[in-house]
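Listed below are the residues making up each chain.
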Amino acid sequence: MKRVLCIVQARLTSSRLPDKVIMPLAGKTIAEHVFERLSLSRHIDQVVFAIPTGERNDELEQFLEERGIPSFRGSEDNVQERFIGCIREYRPEIVVRATSDNPFVDWEQADRQIEGLKDCDYVSSEGAPLGTGVEVFYAEGLEEAYRLAESDREREHVTPYLYTHPERFRVKRVPYHLTLNGSYRLTVDTDHDYALAQRIYEALYDGKPIANERIYAWLAEHPEVSHLNDDVEQKEGDLIAKR
């Protein structure tokens, strides 16, 4: 069985919503919900948060340690280097990249993507709501990308070299496993995103991770909630990791 490590990218220094990963949702923080959801995966062996060095994120390291959530620290701006350091410490064969501002990340879709990696090098999701996705790839592939990447974009966003060089890497997009009744934005980058997440968690959270089917069914019944963050513009560089 291949060892699968989920690396969750996290920091407290978000430009649009600082400290968002430790903001509360129904009695727990966003980071805790992300950790619990990804821990339900049938194929992920371990979940670890990759956070930046520097005094500003010491609080995040302590926060995670107090809750028994493993963390690894590395470069803030060169996130690809941070991931490589984490990979070299934990030595997985397969890596799942997730981000800490996605409290609705879909662990079942993550499993489908891991299963889809057997005949390619990199797997993302197709048709999933923004904020529910992950990326899946081989650790050795990212090591190669780390050696060859040259642009700031490739280093900051970790995986662009993998999916923009089809001559080196076989890329696949796995269709989303659920049928949707609308278009939903389920990441937390702004106050409006957070307000939407609060409404969902207040309505549905009962102490264990909310199945994505329940989330979409509830949003279909409450369209006014799904429109709370219609005005938010997504940063281009974040799109792949969040869908």
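Everything quoted here is computed from the prediction, not taken from an experiment. (Residues numbered from 1 in each chain as written. Predicted model: local features only at pLDDT ≥ 70, side-chain atom pairs only at ≥ 80, totals over all residues. Heavy atoms only, no water.)

**Overview of the state of the cysteines**
Moving on, step 1. Summed over the entire model, instances satisfying the criterion amount to zero disulfides.
Moving on, step 2. The closest cysteine sulfur to the non-disulfide-bonded Cys-6 is located on Cys-86, 9.8 Å from its own sulfur.
Moving on, step 3. Classification of Cys-6 as buried rests on a relative accessible area of 0%.
Moving on, step 4. No disulfide involves Cys-120; its sulfur sits 17 Å from that of Cys-6, the nearest cysteine.
Moving on, step 5. Classification of Cys-120 by relative accessible area gives buried; the value is 3%. (Disulfide = S-S within 2.5 Å. Buried < 20%, exposed > 50% of the residue type's maximum accessible area, 1.4 Å probe, protein only.)

**Some remarks on the nonpolar core**
The tendency in soluble globular proteins is for nonpolar side chains to be buried as a group.
Moving on, step 1. Ranked by internal contacts, the top residues of the largest apolar core, which has 54 residues, are Leu-38, Phe-49, Leu-186, Ile-200 and Ile-215.
Moving on, step 2. Considering every element that reaches this core, the biggest residue donor is helix H8 (residues 191-204), with six residues.
Moving on, step 3. Beyond its immediate sequence surroundings of up to four residues, Phe-49 is in contact with Val-8, Ala-10, Ala-31, Val-34, Phe-35, Leu-64, Ile-69, Pro-70, Ser-71, Phe-72 and Ser-100.
Moving on, step 4. Grouped together as the second largest cluster of nonpolar side chains are 22 residues, Ile-7, Tyr-122, Val-158 and Phe-169 included. (Core = buried A, V, L, I, M, F, W, Y, C linked by side-chain atoms within 4.5 Å. Helix = DSSP H or I, 4+ residues; strand = E, 2+ residues; numbered from the N terminus. Contact = heavy atoms within 4.5 Å.)

**A short note on the packing of aromatic side chains**
Two numbers describe a pair of aromatic rings. These are the distance of the centres and the angle of the planes.
Moving on, step 1. In the structure shown here, the tally under the stated rule is six aromatic pairs.
Moving on, step 2. Aromatic pair Phe-104 and Tyr-201: ring centres 5.4 Å apart, planes at 40 degrees, arrangement tilted. Taken together, the positions of Phe-104 in the loop between strand E6 (94-99) and helix H4 (107-116) and Tyr-201 in helix H8 put the pair 97 residues apart, joining distant regions of the chain.
Moving on, step 3. When its relative accessible area of 0% is taken as the criterion, Phe-104 is described as buried.
Moving on, step 4. With a relative accessible area of 2%, Tyr-201 lands in the buried category. (Phe/Tyr/Trp six-rings, centres within 6.5 Å; stacked < 30°, edge-to-face > 60°.)

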